[in-house]
Amino acid sequence: MILTRRRSFTYPILSDQSNDYIDGSVFDLEVESHVVESASQVQSIVLSYKIRLSNPVLVDALLDKNAQILVEVNCAATWFRMSHCSASLEDEISIPASLLDGAAYISASLVVARDDFEIEFSGLHSEYGRNFRYNFDTGMPLAISSQYSIELEFAEVALRNLIHIRKSVSERHDAFSIDLSSNQIVVNMGINFHAAWGILYANEEQKPLLYISIYKDCVASAVQALASNEEVEEFLWARTFREKIELLNLKIPSDPTDWNACNEIALTLLGEKGVRKIVNSAAQVVGA
Amino acid sequence: MKTLELLTTESVLELKSISSARPASLIGDDGGVKPLATLVAEFGLTLTQSRFSLDETVSIRIPDGANWSENHDRENSTRIARALAGMSPARATDERIWATLALGEFAEYSNVRRPIDRAKDSDAAIESKFKHMRLASSNRDRWRENPISRLWWLNYYVHSIEGIDPEIVREVLFLNADLQSNLLGRPGVAGYRVVVGPLIEHLHSEHIKNATPFNRDRFREIMKELDFLVGRLAVGAMDKAVASEWVATVIERCN
């Protein structure tokens, strides 16, 4: 799950990105996706969503049809965007598979469905004062969910799917370079370097060394590219690392030239497979 | 129709690697990019049969000049769609297709529309141009840089706007390079066809029917304002009439 970038509004918004509501009110979205094939063998991606809305004032707005649920599906790779309006908190959306590729992002909002609709809120932060009221027009959001991302390429993204090692005659024999311009991080290795990598990769005891050297450099370069705000978000590796970094409550460095910070994040992300594996296996030897 | 033989993914990666390490080696004696057959032979690249077909009877027009009015993009966008009939958006994200066509079947066109020239370009420029204008890794490369993929994707966009004659959209989209890149370069707006429809109708009426000259600065202002507001309003919930009125208000405000 990737969090929506923060936006500011001049009135309270129910969202896990804001603290406007302090009474435990929630607006969250769950999505399940599956592929169905019609009799004529046309494939569709079916997205089943379920929204949890717990604030009584906003629930009433939905039930009274003063507000509606808007679910949006966006796939940048294919220029696809769909807006689905509904009065229901649960529904299904079917999209021809030929219109989607890479990642699809799904988000939900509760939006006002008529002009001149006044709400007297409940459960708000004290900064709004008592009995805060606001007058809304059509289309103004009242609640915004986090954004779900569905990877259409891989059911589960493993590191081996994100880093592609290749032998390249164009590289200097003892060197390697990292190319971040596709879904996978491509490591172009010169002939000798590739042979050295092969030796380490084939040996279970030495394999963790890759995670504190070559793979670590790949991930650190990826973090640096994310920090630079380069146009990389569309790539699978970028989405996967950003999600992982957010899950671990780490922060992408604000300064992309801060290599130490990028390095530290990479070592943290790969710690299990690298430094800790080496230390643990040494400890076993010592203890044996 | 002939079945397309495409560069393999490994071969595309090798071309990327070569363009970083030895960009000049991609250039032939005539100063332009070497033909695909030469690149294949010289760098040991591989072509593989694909499930895509190309109608060889459809050609694309070589630009008559560097000027926007001489590039034939508008006409060529329909031609490339005919040549690649049956291509879907999901398949058209495949970089191998566009790299192979730009370097192979449509190399002559590519060399005129998106020239890479040893006499004018530094090694760094050759690397950058080759990666973006012959290969097509990113979404932006596909709709903007690679000379073949951009024609297909622009044609796809033309037909994706519901409730409006595609030829009206095409006229507007191919009116001006700045209009095209400002509109499509703001995916937050361009993705909302309900907003783009009325915007296209307005641009058509102003610049084509009434022949008012296109004002780049004003259009940038309109797009900036729309982009800002689209992030704060649930425009996806608007019906066409409401969206039209809203777009008209924004345009009026930017006058």
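Residues numbered from 1 in each chain as written. Chains lettered and ligands numbered in written order. Predicted model: local features only at pLDDT ≥ 70, side-chain atom pairs only at ≥ 80, totals over all residues. Heavy atoms only, no water.

**Focus: the overall build of chain B**
1) Next: Secondary structure assignment for chain B yields 14 helices and 2 strands.
2) Next: Relative to the globule expectation of 18 Å for 255 residues, the C-alpha radius of gyration of chain B, 20 Å, shows essentially globular dimensions.
3) Next: Taken along its principal axes, the extent of the C-alpha atoms in chain B is 60 × 40 × 35 Å.
4) Next: Looking at the 255 residues of chain B, the share that counts as buried comes to 56%.
5) Next: Here the contacts in chain B between residues at least 6 apart in sequence split such that 71% fall between residues at least 24 apart.
6) Next: Surface summary for chain B: the accessible area is close to 10,700 Å², and the carbon and sulfur share equals 48%.
7) Next: For chain B, the distance from the average site of its 33 positive side-chain charges to the average site of its 36 negative ones is 2 Å. (Helix = DSSP H or I, 4+ residues; strand = E, 2+ residues; numbered from the N terminus. Rg over C-alpha atoms; globule rule 2.2 N^0.38 Å. Buried < 20%, exposed > 50% of the residue type's maximum accessible area, 1.4 Å probe, protein only. Contact = heavy atoms within 4.5 Å. Areas by Shrake-Rupley, 256 points an atom, 1.4 Å probe, with all protein chains shown as cover. Lys, Arg positive; Asp, Glu negative; His and termini not counted. Charge placed at Lys NZ, Arg CZ, Asp CG, Glu CD.)

**Topic: the sheet that holds strand β1 (residues 27–37) of chain A**
Residue and element names in this part refer to chain A.
1) Next: What the 3 strands build is an open sheet, ordered β1-β2-β5; its pairing is antiparallel. Where the open sheet ends on each side, the last strands, each with one partner, are β1 and β5 (90–96). Strand after strand, the sheet turns through a mean of 20° between neighbouring axes, direction not considered.
2) Next: By the bridge criterion, 7 bridges tie strand β2 (residues 43–53) to β5 in an arrangement that is antiparallel. Its bridge partner being in β5, Tyr49 is matched across the sheet by Asp91. (Pairing = 2+ DSSP bridges. Axes fitted to C-alpha atoms, helices over the stretch in contact; angles between N-to-C directions.)

**Re the interface of chain B and chain A**
1) Next: Contacts between the two partners involve 31 residues from chain B and, on the opposite side, 37 residues from chain A.
2) Next: Of the roughly 2,800 Å² buried where chain B meets chain A, counting both sides, 51% is carbon and sulfur surface.
3) Next: Area buried by chain B at its contact with chain A is led by Leu13(B), Asn139(B) and Arg232(B), which between them contribute 17% of it.
4) Next: Linking chain B with chain A are 3 salt bridges, by the criterion used here.
5) Next: One salt bridge in this structure joins Glu231(A) and Arg140(B), with 3.9 Å as the shortest N-O distance.
6) Next: Viewed at the interface, chain A and chain B are joined by 14 residue pairs in polar contact (both at pLDDT 80 or more).
7) Next: If one sorts the elements of the side of chain B that touches chain A by residue count, helix α1 (residues 9–21) of chain B sits on top with 7 residues.
8) Next: Here the side of chain B that touches chain A is composed, by residue class, of 14 nonpolar, 9 polar and 8 charged. (Buried area = accessible area lost by both parts, 1.4 Å probe. Salt bridge = Lys/Arg side-chain N within 4 Å of Asp/Glu carboxyl O. Polar contact = N/O pair within 3.5 Å; in protein donor to acceptor, adjacent residues only side chain to side chain. Nonpolar A, V, L, I, M, F, W, Y, C, P; charged D, E, K, R; others polar.)

**With respect to a nonpolar patch on the surface**
1) Next: A cluster of nonpolar residues, Leu209(A), Ile212(A), Leu267(A), Val275(A) and Val279(A), forms a patch on the protein surface that exposes about 370 Å² of accessible area.
2) Next: Within the element layout of this structure, Val279(A) appears in helix α8 (residues 275–287). (Patch = residues over 30% accessible without salt bridge, like charges linked within 9 Å, V, L, I, M, F, W, Y side chains within 5 Å.)

**Describing the nonpolar core**
1) Next: In this structure, Trp98(B), Leu199(B) and Trp246(B) are the most contacted members of the largest nonpolar core, which totals 60 residues.
2) Next: Among the elements that take part in this core, helix α8 (residues 147–160) of chain B stands out by supplying 8 residues, more than any other.
3) Next: With 44 residues, the next largest nonpolar core counts Leu14(A), Tyr21(A), Leu53(A) and Val73(A) among its residues. (Core = buried A, V, L, I, M, F, W, Y, C linked by side-chain atoms within 4.5 Å.)

**Describing the packing of aromatic side chains**
1) Next: This model, assessed by the stated rule, comprises 20 aromatic pairs over all chains.
2) Next: Ring geometry for Trp152(B) and Trp153(B): centres 5.0 Å apart, planes at 85°, overall edge-to-face.
3) Next: Of the residues examined, Trp152(B) reaches a relative accessible area of 5% and is grouped as buried.
4) Next: Clustering of aromatic rings is evident, with ring pairs tying together Phe9(A), Tyr11(A), Phe121(A), Tyr128(A), Phe132(A), Tyr134(A) and Phe136(A).
5) Next: Lying over the aromatic face of Tyr192(B), Arg81(A) brings its terminal NZ or CZ to 4.2 Å of the ring centre.
6) Next: Over the ring of Tyr201(A) we find Lys207(A); its NZ or CZ atom is 4.4 Å from the centre of that ring. (Phe/Tyr/Trp six-rings, centres within 6.5 Å; stacked < 30°, edge-to-face > 60°. Lys NZ or Arg CZ within 6 Å of the ring centre and 35° of its normal.)

**Some details on the pairing of strand β13 (residues 185–189) of chain A**
Looking down a regular strand, the side chains alternate between one sheet face and the other.
Residue and element names in this part refer to chain A.
1) Next: Most of β13 is tucked away, with 5 of its 5 residues classed as buried.
2) Next: Side chains Ile185, Val187 and Met189 project from β13 onto one buried face, and the interleaved Val186 and Asn188 project onto a second face that is buried too.
3) Next: Pairing geometry for strand β11 (residues 163–167) and β13, over 5 bridges, is parallel. For Ile163, the partnering residue across the bridge sits in β13 and is Ile185.
4) Next: Where strand β12 (residues 176–179) lies against β13, 4 bridges are found, and the strand directions are antiparallel. Residue pairing in the sheet places Ser177 in a bridge with Asn188 of β13.
5) Next: What sits between β12 and β13 in their antiparallel hairpin is a turn of 5 residues.

**A few points about the domain arrangement of chain A**
All names here are of chain A.
1) Next: In terms of domains, chain A is made up of domain 1 (4–152) and domain 2 (155–287).
2) Next: Using only C-alpha atoms to locate each centre, domain 1 and domain 2 end up separated by 36 Å.
3) Next: With 6 residues of domain 1 in contact, the opposing surface of domain 2 contributes 5 residues.
4) Next: Both sides of the domain 1 and domain 2 interface together cover about 370 Å² of buried area, and 42% of this is carbon and sulfur.
5) Next: Applying the counting rule to domain 1 against domain 2 returns 0 salt bridges.
6) Next: The tally of links between domain 1 and domain 2 comes to 0 residue pairs in polar contact (both at pLDDT 80 or more).
7) Next: The set of elements that each furnish at least two residues to the side of domain 1 that touches domain 2 consists of β6 (103–112) and β10 (148–151).
8) Next: Here the residues of the side of domain 1 that touches domain 2 sort into 2 nonpolar, 2 polar and 2 charged. (Domains from an automatic or database assignment.)

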